[in-house]
Amino acid sequence: MASCLNLFVLSFLSVLFISNSQLSDSINGVVFPVTRDLHTGQYIAEILLGDSSETIKLVVDLSGSLLWFDCSSGHVSSSRSLISGSSSGCLKAKVGNERVSRNVDCDLLVRNGAVGIAARGELARDVLSFGSVSSPGTVDLLFACVPPWLLRGLASRAQGVMGLGKAQISLPSQIAAETNDRRRLTVYLSPSNGVVSTSSVEEVFGVAASRSLVYAPLSTGSSGGYVINVKSIRVNGEKLSVEDPLSAELSTVIPYTMLESSIYKVFAEAYTKAATNAISVAPVAPFGLCFTSEVDFPAVDLALQSEMVRWRIQGRNLMVDVGGGVRCLGIVDGGSNRVSPIIMGGLQLEGFVLDFDLGNSMLGFGQRTRSSSDSLQPEAL
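All figures in this text were calculated on a predicted structure; none of them were measured in a lab.

A word on the environment of Ser 53. Among the structural elements, Ser 53 can be located in the loop between strand 2 (43-49) and strand 3 (56-61). You can call Ser 53 partly exposed: its relative accessible area is 46%. The spacing of Ser 53 and Val 76 is 23 residues in sequence and 9.3 Å in space, taken between C-alpha atoms.

Here it is in structure tokens:
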């Protein structure tokens, strides 16, 4: 059985490194490939779990508390086992999830953050494979088996969710505990060539990339998501008249940035005024501002811990081509009474290398250039 598992591991890792060959000539660390689903805008990671040769496709969720999937979806592993209600693993799962039942098996409430539904799941354990072709590794991983209907709202090819939050049984926390490394998370989103890694940016992208990042304080919101402080919002360099400071949650399960309605109203007025050379047309849902012009659209800046450190949103991170010569602003009205006034969606995160230094509660960010696999361009003014 061990030799078969090693063969499966090497086969999977070979595919992983071929698919990510454009990222770095010598990519290292605990790395999982990521692609974007065209229909939902969600990001799909692939993992190898147990003694099955079939990878499991999971929606990446930055606020998810654990990894979960439909164990009846055809993925069969003889090394999978359920966790008892009296085990230490069940105690870990209970932290932050008071609705854990410690009966014979460990049942817990599992949430689908994409559509806001939840279901009972069974905590289980299996062997997760990772590493490089020359140096494969494995760790025991806790995850939840859930009913098929909890997949509602996820990409059609997804079998579950990869939870990357700060909970004790999230993927980064478990791998850090097993490998005695610092808790951190490296994320690079791309339509076809993305990466999720529990290794450092330096290990994944190289020293030059790591040194090019700009850092801002990182906290955790009430929903478990990662949050950064926003001192101001600027359109074409002009500061918006909105109440500050604000906060922005980073999300990989919604495709476009959402602003609370009162903020969006001010933002939309300012953007329409700034886009002087653009021709406005009727909006195409879910967007609120659409144009037909082939011009350079004004950039949007989020000033973080100071006005000198800005996250710039422009170009392909800002405008969405909806066909017929129409381009729409990828920042939408998120409604009223939101917990986070700003939720940054996947489109705005694409092309940025994100370093979630969970031990020090800091977020590093820098935009990759096409000219060099190790070159990043952070927005530091």
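So much for the structure itself; the text now carries on.
Here we take up the confidence of the model for the protein. Caution applies to low-pLDDT parts of the model: their predicted coordinates are not meant to be read in detail. A residue-level look at the protein finds 86% of positions with pLDDT of 70 or above and a mean pLDDT of 86. Across residues 1-28 the pLDDT falls below 50, and counting only partners more than four positions away or on other chains, this stretch makes 52 contacts in the model. pLDDT under 50 marks residues 370-381. Its contacts with residues more than four places away, or in other chains, come to 37 contacts.

A word on the packing of aromatic side chains. Inspection of the entire model under this criterion finds ten aromatic pairs. Consider the rings of Phe 69 and Phe 143, whose centres lie 5.2 Å apart with planes at 25°: the pair is stacked. One end of the pair, Phe 69, is in strand 4 (residues 68-69); the other, Phe 143, is in strand 9 (residues 136-145), and 74 residues separate them in sequence. When sorted by exposure, Phe 69 lands in the same class as Phe 143, which is buried.

Further remarks concern the environment of Asp 296. Tracing the backbone through its elements, the reader meets Asp 296 in the loop between strand 21 (290-291) and strand 22 (300-303). C-alpha of Asp 296 to C-alpha of Ala 278: the two residues are 18 residues apart in sequence and 8.8 Å apart in space.

Consecutive side chains along a regular strand alternate between the two faces of the sheet. Counting buried residues in strand 3 gives five out of six residues, a clear majority hidden from the surface. Direction of pairing for strand 2 relative to strand 3: antiparallel, over a ladder of four bridges. In the sheet register, Ile 47 faces strand 3, and the bridge partner there is Ile 56. The turn linking strand 2 back onto strand 3 is made up of six residues, and Gly 50 within it adopts a positive phi angle of 75°.

Position of Asp 355 relative to the elements: it lies in strand 28 (residues 352-357). At a separation of 2.8 Å, a polar atom in the side chain of Asp 355 contacts the side chain of Arg 184. Aside from chain neighbours lying at most four places away, what touches Asp 355 is Arg 184, Leu 185, Val 201, Leu 213, Tyr 215, Met 362, Leu 363 and Gly 364.

Moving on, we get to unusual backbone geometry. A cis geometry characterises the amide bond from Ala 285 onward to Pro 286, with omega recorded as 5°. A positive phi angle is found at Ser 361, which is not glycine, with a value near 55°. Relative to the assigned elements, Ser 361 resides in the loop between strand 28 and strand 29 (362-368).

Per the stated rule, a full pass over the model turns up two cavities of 30 Å³ or more. Every residue lining the largest cavity is listed: Ile 233, Thr 257, Leu 259, Phe 267, Val 300, Leu 302, Ile 313, Ile 331 and Ile 342. Put simply, the parts of the chain that give the lining of the largest cavity at least two residues each are strand 19 (257-259) and strand 22. Taken together, the residues of the lining of the largest cavity sort by class into eight nonpolar, one polar and no charged.

Criteria and thresholds
Residues numbered from 1 in each chain as written. Predicted model: local features only at pLDDT ≥ 70, side-chain atom pairs only at ≥ 80, totals over all residues. Heavy atoms only, no water. Helix = DSSP H or I, 4+ residues; strand = E, 2+ residues; numbered from the N terminus. Buried < 20%, exposed > 50% of the residue type's maximum accessible area, 1.4 Å probe, protein only. pLDDT = per-residue confidence, 0-100. Contact = heavy atoms within 4.5 Å. Phe/Tyr/Trp six-rings, centres within 6.5 Å; stacked < 30°, edge-to-face > 60°. Pairing = 2+ DSSP bridges. Polar contact = N/O pair within 3.5 Å; in protein donor to acceptor, adjacent residues only side chain to side chain. 1 Å grid on protein atoms, 1.4 Å probe; cavity = no way out; pocket = protein on both sides within 12 Å on 5 of 7 lines; lining within 4 Å. Points joined across faces, edges and corners; volume = space filled by probe spheres on them. Nonpolar A, V, L, I, M, F, W, Y, C, P; charged D, E, K, R; others polar.

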